[in-house]
Amino acid sequence: MRAVVLYDSVYGNTEKVAGAVRDGLLTGNNEVKLLSVKDAETSVSDGFALIVFGTPTHGGRASEDAKKFLGSIPAGGLDGVKVASFDTRTDLLRENMFLTFFARLLGYAAGRVQGTLRRAGGIPVVEPEGFLVNGREGPLVDGESDRARKWAEEIVRKI
């Protein structure tokens, strides 16, 4: 299966998770491309059976570059393509109870991204996933790269 892991990363944490997701997808002897949205074209779905999309969460939403890329996918542009989404987010329980309230109110980016991919015709394979970052800039919480790889291995099993 040909797959692509598309991501945007501000501090490098989402890129690290995207790399771990790629590694997990490779366990199924798949051909997997890792690509930043800054280097991708919206026609990237051509020939890919699976697209995994990752973004940092900013105020409950995807990053600006990720939103721009997602907004450029034409209606039906992902018809029949399997999709999954993830985000990186601050571990709010460790950071601040006040922020936890806003996170519950605003949500996280991965669910919104998956909705956008679905509306473009994508077929979700797994539930959206969030990976934790220490503070605003990271690094990733210990064990999150391994968890990302295992999440991707679950995607391979479900396909």
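Now for a quick tour of the structure.

Criteria and thresholds
- Residues numbered from 1 in each chain as written.
- Predicted model: local features only at pLDDT ≥ 70, side-chain atom pairs only at ≥ 80, totals over all residues.
- Heavy atoms only, no water.
- Salt bridge = Lys/Arg side-chain N within 4 Å of Asp/Glu carboxyl O.
- Helix = DSSP H or I, 4+ residues; strand = E, 2+ residues; numbered from the N terminus.
- Buried < 20%, exposed > 50% of the residue type's maximum accessible area, 1.4 Å probe, protein only.
- Phe/Tyr/Trp six-rings, centres within 6.5 Å; stacked < 30°, edge-to-face > 60°.
- Lys NZ or Arg CZ within 6 Å of the ring centre and 35° of its normal.

### Quick word on the pattern of salt bridges
For side chains of opposite charge, pairing can occur when their charged atoms come near one another.
Working step 1: As enumerated under the stated definition, the model contains 11 salt bridges in all.
Working step 2: Across the salt bridge formed by Glu-129 and Arg-147, the nearest N and O atoms sit 3.2 Å from each other. Within this pair, whereas Glu-129 is found in strand β7 (residues 129–133), its partner Arg-147 is found in helix α6 (residues 144–158), the two being separated by 18 residues in sequence.
Working step 3: Here Glu-129 falls in the partly exposed class, since its relative accessible area comes to 24%.
Working step 4: Among the residues examined, Arg-147 registers a relative accessible area of 31% and is labelled partly exposed.
Working step 5: Across the salt bridge formed by Glu-144 and Arg-147, the nearest N and O atoms sit 2.8 Å from each other. Of this pair, Glu-144 and Arg-147 both sit in helix α6, three residues apart, roughly one helical turn.
Working step 6: If you follow the salt bridges from partner to partner, you end up with Asp-8, Lys-38 and Asp-65 in one network.

### Topic: the packing of aromatic side chains
Working step 1: Summed over the entire model, instances satisfying the criterion amount to four aromatic pairs.
Working step 2: Aromatic side chains Phe-86 and Phe-131 sit 5.9 Å apart centroid to centroid with 75° between the ring planes, which places their arrangement in the edge-to-face category. Of this pair, Phe-86 sits in strand β5 (residues 82–90) while Phe-131 sits in strand β7, and the two are 45 residues apart along the sequence.
Working step 3: A residue is classified by how much of its surface remains accessible, and Phe-86, at 0% relative accessible area, is buried.
Working step 4: Here Phe-86 and Trp-151 contribute two aromatic rings whose centre-to-centre distance is 6.0 Å and whose plane-to-plane angle is 75°, an arrangement assigned as edge-to-face. Residue Phe-86 is located in strand β5, and its partner Trp-151 is located in helix α6; the two are separated by 65 residues in the primary sequence. Comparing Phe-86 with Trp-151, the two get one shared label, buried.
Working step 5: Aromatic ring contacts, followed pair by pair, group Phe-86, Phe-131 and Trp-151 into a single cluster.
Working step 6: Across the ring face of Phe-48, the terminal group of Arg-2 is positioned such that the distance to the ring centre comes to 4.3 Å.

Distances and angles like these do not, on their own, reveal function.
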